[in-house]
Amino acid sequence: MVVAYQASTGQQKIDNPYQIALAQYDRAAKHLNFEESIKEYLKYPQREFTVNFPVRRDNGQVEMFTGYRVHHSTVLGPSKGGLRYSLAVDLDEVRALAMWMTWKCALVGLPYGGAKGGVVVEPKSLTTAELERLTRRYASELLPLISPHSDIPAPDMGTNAQVMAWIMDTYSMTVGYSVPAIVTGKPINIGGSQGRNEATGRGVIIIMEEALQQLNMYPANDVRVAIQGFGNVGSHAAAYAHSLGYKIVAASDVTGGVYSANGLDIDKVRAYVQETGGVRGYPEADYITNEELITCDCDVLVPAAMEGQLTERNAPHVRAKLIVEGANGPTTPGADDVFNDRGIHVVPDILANAGGVVVSYFEWVQDLQSFFWDVDEVYRQLERIMRKSYYATENTAEAHNVDMRTAAQLTAIQRVADAVKTRGFYP
Ligand code: GLU
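Residues numbered from 1 in each chain as written. Predicted model: local features only at pLDDT ≥ 70, side-chain atom pairs only at ≥ 80, totals over all residues. Heavy atoms only, no water.

1. As for the overall build of the protein chain
Argument step 1. The number of helices and strands found in the protein chain is 14 helices and 12 strands.
Argument step 2. Relative to the 2.2 N^0.38 estimate, which gives 22 Å for 427 residues, the radius of gyration of the protein chain is 21 Å and therefore close to what a compact globule would have.
Argument step 3. For the protein chain, the spread of C-alpha atoms along the principal axes amounts to about 55 × 55 × 45 Å.
Argument step 4. Across the 427 residues that make up the protein chain, the buried fraction comes to 59%.
Argument step 5. Once local pairs closer than 6 in sequence are excluded, the contacts in the protein chain between residues at least 24 apart make up 68%.
Argument step 6. On the protein chain, roughly 17300 Å² of surface is accessible, and the fraction owed to carbon and sulfur atoms is 50%.
Argument step 7. Measuring between centres, the 38 positive side-chain charges of the protein chain sit 3 Å from its 49 negative side-chain charges. (Helix = DSSP H or I, 4+ residues; strand = E, 2+ residues; numbered from the N terminus. Rg over C-alpha atoms; globule rule 2.2 N^0.38 Å. Buried < 20%, exposed > 50% of the residue type's maximum accessible area, 1.4 Å probe, protein only. Contact = heavy atoms within 4.5 Å. Areas by Shrake-Rupley, 256 points an atom, 1.4 Å probe, with all protein chains shown as cover. Lys, Arg positive; Asp, Glu negative; His and termini not counted. Charge placed at Lys NZ, Arg CZ, Asp CG, Glu CD.)

Structure follows, in C-alpha cells:
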C-alpha cells in the first residue's frame, strides 16, 4: 500500500474525499497503457503545506487557526485552484480537491497543474475585520508557495472576490508593486475578469445542454431541473438555466430546500436569499430537505453544494435521468456504480464545473497582458472550451466503452502522463 492511500487521520473513512479521488483515479488509470512508475507518481500530491497562525479577534483575544495548501501537480504549468474556508476542511479534503484540479485543468486544456487550499474556519462566525485579518495572515503564510508563475489561488466554498482582493493586496504590499495575476476571481476594478463570477454556473448549464442533446431531452421548458446548493455555483446555474427557459423545480442551501412543480421564479428566489440569507421560508414553494431534493421528481439533478452528497444509500432513489456535477466530488464511487447500473447519465465535476477555472485562466492571461476583454468575448471563449471538452469526453467514453467520469479522468490523466514522459524524471 502506498503512503498516498493513508488518510491523514490514519483511519480509512469510507467517504473520505481523498479515498474517493484515488478510487476514481484507479478506475480510470487501468484503461491506460503507460508505465507503472508514472501511474504511481501521479497518485501523490507534489507538496503539502500546513500552517498554524494567530488571528486577533475584535475583542482583543488571539485565536489559533490552521490552514493548508496542497500542490498536486505542476507538470503542465503553475498550479491552480481555489481556497476554501470551512470547518470541514482537512488535509485529505484539500488533497482530493487539488488532485481534481489537476485533472480538470488537463481535461479542458489549460496550461496549469492542480492545487487547493483551505482554512479550518466558519467564515460566518467572523466579523469582516476578523475575516480580513485571517485572510491577510494566511496569505502571508502562503508567500513561499504562491506567485503568478508558480501557484495562483482563486475563490472556492466560503471565499469570494473580496477575499481575493485582500490576498492580492497583501502579496502586492509585500513585493512592493501591484500584482493582479497573483489570484483570480478578484473584483473587476482591480484586474478581475468580466464573467468570472458567473462562469462556473454558466459552464454547468452549457454542459447540461450538451448532455440533454445527447440524451434527446428537449425542449428546454419540458426539462425540470433540481439544484442542490445555492451559492456561487448553484445560484448562477439556476439563473442562467432559468433565462434559457428551463424549469427549476427545486433549489436548496444549508437552510433547507424549496420545491415547486410549476418551476421557481429564480429572480424572486435570489432576491429572497439576498434578503434573508437562505432559501428556507421562500413563500411560493413547498419546503423540502436537502436529502429530499436529491430524490425529488425532476429530469436533471445538479449537485452544487459539496462532496459526498450522492451515496450508495440515496442513489437508488434518485429520479433524475441526468446528473450534472456543479460541486467537486459530490458522487461516491459506490453511487457511480448505482447510476451506471440504472442508466443515469452522470457528467462529472472535472468537466461540468470547469467553467470557473477556464475564466480564471482568461483572467490570469488578461492580467499578465494588461489587456482586458469584454464579457461577450469571455462567454464566447468559455462556450468554445466547454463544448469542445464535452465532445472530447463523449468520444473517449464511446471509444473505451466507459462512463463519462472514467472518460474525463482518463483523458486528463493521459495528458498529464504524456507530459511527464516528455519532460522525463528529474534528475
Ligand atoms: N474553486 C474553483 C474550482 O474548484 C475554481 C478554481 C480556480 O479558478 O482556480 O474549480
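2. Overview of the packing of helix H3 (residues 91-107) against helix H14 (residues 404-423)
Argument step 1. H14 packs onto H3 with a crossing angle of 85° between their chain directions and a minimal axis gap of 8 Å. Put simply, H3 runs roughly perpendicular to H14. On H14, the residues touching Trp100, Thr102, Trp103, Ala106 and Leu107 of H3 are Ala408, Gln409, Thr411, Ala412, Ile413, Arg415 and Val416.
Argument step 2. Looking at the contact of H3 with H14 residue by residue, the classes come out as 8 nonpolar, 3 polar and 1 charged. (Axes fitted to C-alpha atoms, helices over the stretch in contact; angles between N-to-C directions. Parallel < 35°, antiparallel > 145°, perpendicular 65-115°, else oblique. Nonpolar A, V, L, I, M, F, W, Y, C, P; charged D, E, K, R; others polar.)

3. Structural notes on the nonpolar core
Argument step 1. In terms of nonpolar packing, the biggest core is built from 93 residues, with Leu42, Trp103, Met208, Val225, Val300, Val324 and Val347 touching the most fellow members.
Argument step 2. The dominant element in this core, judged by the number of residues it contributes, is H14, at 10 residues.
Argument step 3. Once you skip the residues sitting within four places of it in the chain, valine 347 turns out to touch Ile207, Ala211, Leu322, Ile323, Val324, Glu325, Ala352 and Tyr390.
Argument step 4. Among the nonpolar cores identified, the runner-up in size contains 25 residues, and Leu126, Leu131, Tyr171 and Val179 belong to it. (Core = buried A, V, L, I, M, F, W, Y, C linked by side-chain atoms within 4.5 Å.)

4. Quick look at helix H5 (residues 161-175)
Argument step 1. Compared with an ideal rise of 1.5 Å per residue, which puts 15 residues at 21 Å, H5 spans 21 Å between its outermost C-alpha atoms and is within 8% of the ideal.
Argument step 2. Buried within H5 we find Val163, Met164, Ala165, Trp166, Ile167, Met168, Thr170, Tyr171 and Ser172.
Argument step 3. Buried residues belonging to H5 abut strand E3 (79-86), helix H4 (128-141) and strand E5 (151-155).
Argument step 4. Measuring from the side-chain oxygen of the N-cap residue of H5 to the backbone nitrogen of glutamine 162 gives 3.1 Å; that N-cap residue is asparagine 160.
Argument step 5. Positive phi shows up at glycine 176, right after H5, with a value of about 100°. (Expected span 1.5 Å × (residues − 1). Polar contact = N/O pair within 3.5 Å; in protein donor to acceptor, adjacent residues only side chain to side chain.)

5. Re the site of the ligand
Argument step 1. Neighbouring the ligand are 14 residues; Lys80, Lys104, Pro155, Asp156 and Ser360 lie closest to it.
Argument step 2. One nitrogen or oxygen atom from the side chain of arginine 196 is found 3.2 Å from an oxygen atom belonging to the ligand.
Argument step 3. Taking serine 360, its side chain carries an N or O atom lying 2.5 Å from an oxygen atom of the ligand.
Argument step 4. Protein contact buries 94% of the 300 Å² of open area that the ligand shows by itself.
Argument step 5. Elements with a minimum of two residues in the shell around the ligand: E3, H3, E5 and helix H12 (355-369).
Argument step 6. When the residues that make up the shell around the ligand are grouped by side-chain class, the tally is 4 nonpolar, 5 polar and 5 charged. (Near = heavy atom within 4 Å.)

6. Focus on the packing of aromatic side chains
Argument step 1. In the structure shown here, the tally under the stated rule is 10 aromatic pairs.
Argument step 2. A ring pair is formed by phenylalanine 53 and tyrosine 138, whose centres lie 6.1 Å apart and whose planes are at 25°; its orientation type is stacked. Of this pair, phenylalanine 53 sits in strand E1 (residues 47-56) while tyrosine 138 sits in helix H4; the two residues are 85 residues apart in sequence, bridging distant segments of the chain. The pair phenylalanine 53 / tyrosine 138 is uniform in exposure class, with both members buried. (Phe/Tyr/Trp six-rings, centres within 6.5 Å; stacked < 30°, edge-to-face > 60°.)

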